[in-house]
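Report on the structure
Here is what each chain is made of, one letter per residue.
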Amino acid sequence: MSRRKATGASTSPGADVKKLDPTDGGVNLAQATPALFDYYSALAMVFGGCCSNVWAYEQLLLLNPSIGSALTFSQMLFITVQSFPAFVKFDRNQKLPLLKARQVPATQWALQVLVLAAGSLLNNWAFAYKVPLTVLIVFRSAGLAVSMLFGVVFLKKRYSPLQVFSVVTVSVGVILATLSKPSAASAPTASKTQSADDLRKYTIGVAMLVLSLFCTATLGLLQEQTYRKYGPCWKEGVFYTHLLSLPIFLFLAKDVSQGLSSLSQTKSSTISYLILASNLLSQLMCVMGVNRLSSQVSSVSTNLVLTTRKAISLCFSVWWFGNGWNTQLVAGAGMVFLGSLLFTSTGTIKDSREIEII
């Protein structure tokens, strides 16, 4: 998981880009052009990479709603392989490459590994339990309430009235979005049994998403304690938490194998595997874009961009895939995004990064 460095409290995504004003005494257009290019390329990577990741993600879930374990394993493995070269060294006297010295003891990552793996699996499993991607996106945008709860209980933090109001708004929005699922009572008599079963699955899926939120908040708490003690070492954290998560999938080998093999049983297996590859690559592009953007602007501006991106992803999911959309879901999603923007406006967003998946 990545770490954002706050550089100010501006809420305008472009306002705190460094040295971008070509008329500001001594900075000419030639000097400003690289910074402008970095800024706009970062925006392109965030909106292009993250939004295309949503498309690939939902395409995979439509091919096989139970692909969650295989998808999580693929993401863990891909991030580990991509990060691997930065954490190994080659010694002429050794046949195999050796891991570089760690900044943090491996035991410190152990609990984070369990929480990360559990949260990722629960999030990817939820779709198999009749939870629409629109609700998934709303939940992924609603971690503020759990993070604040953990901050009060474990870190003894205090929050302003505006922050509390923002979190209450987000929480009510999540409840509205969750309850936007049609109930069994409104279904025709012939399909009441099936609707009741769907509602039961939906309830289990929502419970998974709630547990996933708690896992994410727990992970953030553990990361904050680790970085406070050992310094900013988020890259090492990303590598070791994903590397050490891989053995967990030995217990899910059957599910992983079934998920991957299901891609070869589609009408065009090549296209299915290309969609999986695009999911992994777009996720990498999304994370790189977030990292680059956070080096150009404040953490407040970065969170503003990410909230906007999630709103666009939600609209795209409804438009492209024809996902269900009703007044209650609109109101719930609107409250979640409004609450997130209000919280962002306080300029006190926690200095953390997370891998963008949805």
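What counts and what doesn't
Residues numbered from 1 in each chain as written. Predicted model: local features only at pLDDT ≥ 70, side-chain atom pairs only at ≥ 80, totals over all residues. Heavy atoms only, no water. Helix = DSSP H or I, 4+ residues; strand = E, 2+ residues; numbered from the N terminus. Buried < 20%, exposed > 50% of the residue type's maximum accessible area, 1.4 Å probe, protein only. Contact = heavy atoms within 4.5 Å. Areas by Shrake-Rupley, 256 points an atom, 1.4 Å probe, with all protein chains shown as cover. Disulfide = S-S within 2.5 Å. Core = buried A, V, L, I, M, F, W, Y, C linked by side-chain atoms within 4.5 Å. Axes fitted to C-alpha atoms, helices over the stretch in contact; angles between N-to-C directions. Parallel < 35°, antiparallel > 145°, perpendicular 65-115°, else oblique. Left-handed = near helix turned anticlockwise from the far one by under 90°. Nonpolar A, V, L, I, M, F, W, Y, C, P; charged D, E, K, R; others polar. Polar contact = N/O pair within 3.5 Å; in protein donor to acceptor, adjacent residues only side chain to side chain. Phe/Tyr/Trp six-rings, centres within 6.5 Å; stacked < 30°, edge-to-face > 60°. Salt bridge = Lys/Arg side-chain N within 4 Å of Asp/Glu carboxyl O.

Looking only at helices and strands, the chain has 12 helices and two strands in total. Shown N-terminal to C-terminal, the secondary structure of the chain runs as helices and strands in the order α-α-β-β-α-α-α-α-α-α-α-α-α-α. Taking all 358 residues of the chain together, the buried fraction comes to 47%. The long-range fraction of contacts in the chain, counting pairs at least 24 apart against all pairs at least 6 apart in sequence, stands at 84%. A total accessible area of about 17,400 Å² is found for the chain, and carbon and sulfur atoms account for 66% of it.

A word on unusual backbone geometry. In this structure, Lys130 takes a positive phi of about 65 degrees despite not being glycine. Among the structural elements, Lys130 can be located in the loop between helix 3 (106-125) and helix 4 (133-140).

For the structure on display, the rule yields one disulfide. Two residues, Cys50 and Cys286, share a disulfide whose sulfurs are 1.8 Å apart. Residues Cys50 and Cys286 are joined through a disulfide that is right-handed, its torsion about the S-S bond being 80 degrees. One end of the pair, Cys50, is in helix 1 (residues 29-63); the other, Cys286, is in helix 10 (residues 269-296), and 236 residues separate them in sequence. A single burial state applies to Cys50 and to Cys286, both of which are buried.

Counting residues in each nonpolar core, the largest one holds 37 residues, and the members touching the most others are Leu60, Ile67, Leu133, Leu136, Val138, Phe139 and Val174. Among all residues touching Phe139, those that are not within four sequence positions of it are Val174, Thr178, Val206, Leu209, Val210 and Leu213. Core analysis: the next-biggest nonpolar cluster, separate from the first, contains 13 residues, Met76, Leu116, Met208 and Leu252 among them.

As a further point, take the packing of helix 2 (residues 68-83) against helix 8 (residues 234-243). One can describe the packing of helix 2 onto helix 8 by two numbers: an axis separation of 9 Å at closest approach and a directional angle of 135 degrees. By the angle class used here, helix 2 and helix 8 are oblique. Relative to helix 8, helix 2 is oriented so that their crossing is left-handed. Contact with helix 2, carried on its side by Met76, Ile79, Thr80 and Ser83, involves Val238, Phe239, His242 and Leu243 of helix 8 and no other residues of that element. For the contact of helix 2 with helix 8, a count of residues per class yields five nonpolar, three polar and no charged.

With that out of the way, let us pick up the packing of helix 3 against helix 8. Interhelical geometry of helix 3 versus helix 8 gives an angle of 65 degrees and a closest axis separation of 9 Å. Taken together, the axes of helix 3 and helix 8 are roughly perpendicular relative to one another. Considering only the axes of helix 3 and helix 8, their crossing is right-handed. Seen from helix 3, the contacting residues are Trp109, Gln112, Val113 and Leu116; seen from helix 8, they are Glu236, Gly237, Tyr240, Thr241 and His242.

Below, the discussion takes up the side chain of His242. Relative to the elements of secondary structure, His242 occurs in helix 8. A polar contact of 2.7 Å, which involves the side chain of His242, links it to the backbone oxygen of Val238.

What follows concerns the side chain of Asn64. Tracing the sequence through the fold places Asn64 in the loop between helix 1 and helix 2. For Asn64, the side chain forms a polar contact with the side chain of Ser262, separated by 3.0 Å. The contact partners of Asn64, leaving out residues within four places of it in the chain, are Gln258, Gly259 and Ser262.

Looking now at the packing of aromatic side chains. Two aromatic rings are characterised by how far apart their centres lie and by the angle between their planes. Taken as a whole, this structure holds 10 aromatic pairs when the rule is applied. Aromatic pair Phe239 and Tyr240: ring centres 4.9 Å apart, planes at 75 degrees, arrangement edge-to-face. Pairing Trp319 with Trp320 gives two aromatic rings, centres 5.7 Å apart and planes at 65 degrees, and the pair type is edge-to-face. Here Trp319 falls in the exposed class, since its relative accessible area comes to 63%. By way of ring pairs, the aromatic residues Phe84, Phe87, Phe239 and Tyr240 are connected into one cluster.

Attention now goes to the pattern of salt bridges. If charged atoms from side chains of opposite charge come close, those side chains can pair. Taken as a whole and judged by the stated rule, the model has four salt bridges. Between Lys157 and Glu224 there is a salt bridge, with the nearest N and O atoms lying 3.6 Å from each other. Taken together, the residues span a long stretch of sequence, with Lys157 in the loop between helix 5 (144-154) and helix 6 (161-179) and Glu224 in helix 7 (residues 192-230) at a distance of 67 residues. By relative accessible area, Lys157 is classed as partly exposed at 32%. Across the pair Asp197 and Arg200 runs a salt bridge whose closest N-O atoms are separated by 2.9 Å. Within this pair, Asp197 and its partner Arg200 are both found in helix 7, separated by three residues, close to a single helical turn.

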